[in-house]
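# Residue-level structure breakdown
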Amino acid sequence: MAGSAQQAEAEATFDVLVVDDEEVVREGVRKILEARGLRVAAVPDARSALAHPALHRCRVVVCDLILPDRPGTDLLRILKRLRPDLPVVMITGYATSDHEEQARRAGATEFLTKPFEESELLEVVRRVLSGRSTAERERQ
């Protein structure tokens, strides 16, 4: 039975891949997005994200800036090499203007500071899924 569940996950299409080592954040983001009808996969670190089948089929990644196995910006750079058009929303509890600038230079589409409101997360994910990031809106 476990084999069929793993195969189903490998074949599933996901809207969002969440990468955060804090279980409460990872599962909280998952529940918020799933409650809005999105299909979400969630993993605790960069290695798991890179190995997860959702990486190749998701529409957006929500990634913590600080991960246990490598900086989130390193994962972001890898994601941008693998899937240049994949939007990535970086999240962190340690936000500084320097962190945000580093994330944006590495290719982040959006940047959220923890703790964020449910409505903020939903607005950012909705905007990214519709193809309109903050940077794109500011250029107009």
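Residues numbered from 1 in each chain as written. Predicted model: local features only at pLDDT ≥ 70, side-chain atom pairs only at ≥ 80, totals over all residues. Heavy atoms only, no water.

Moving on to the pattern of salt bridges. In total, this model carries 15 salt bridges according to the counting rule given. Note that Asp20 and Lys114 form a salt bridge whose closest N and O atoms lie 2.9 Å from each other. Taken together, the positions of Asp20 in the loop between strand S1 (16–19) and helix H2 (23–35) and Lys114 in the loop between strand S5 (110–113) and helix H6 (118–129) put the pair 94 residues apart, joining distant regions of the chain. Both residues of the pair, Asp20 and Lys114, count as buried. With a closest N to O distance of 3.3 Å, Arg127 and Glu110 form a salt bridge. Separated by 17 residues along the polypeptide, Arg127 in helix H6 and Glu110 in strand S5 bring together distant segments of the chain. Side by side, Arg127 and Glu110 carry an identical accessibility label, which is buried. Overlapping salt bridges bring together Asp20, Glu22, Asp64 and Lys114 as one network. (Salt bridge = Lys/Arg side-chain N within 4 Å of Asp/Glu carboxyl O. Helix = DSSP H or I, 4+ residues; strand = E, 2+ residues; numbered from the N terminus. Buried < 20%, exposed > 50% of the residue type's maximum accessible area, 1.4 Å probe, protein only.)

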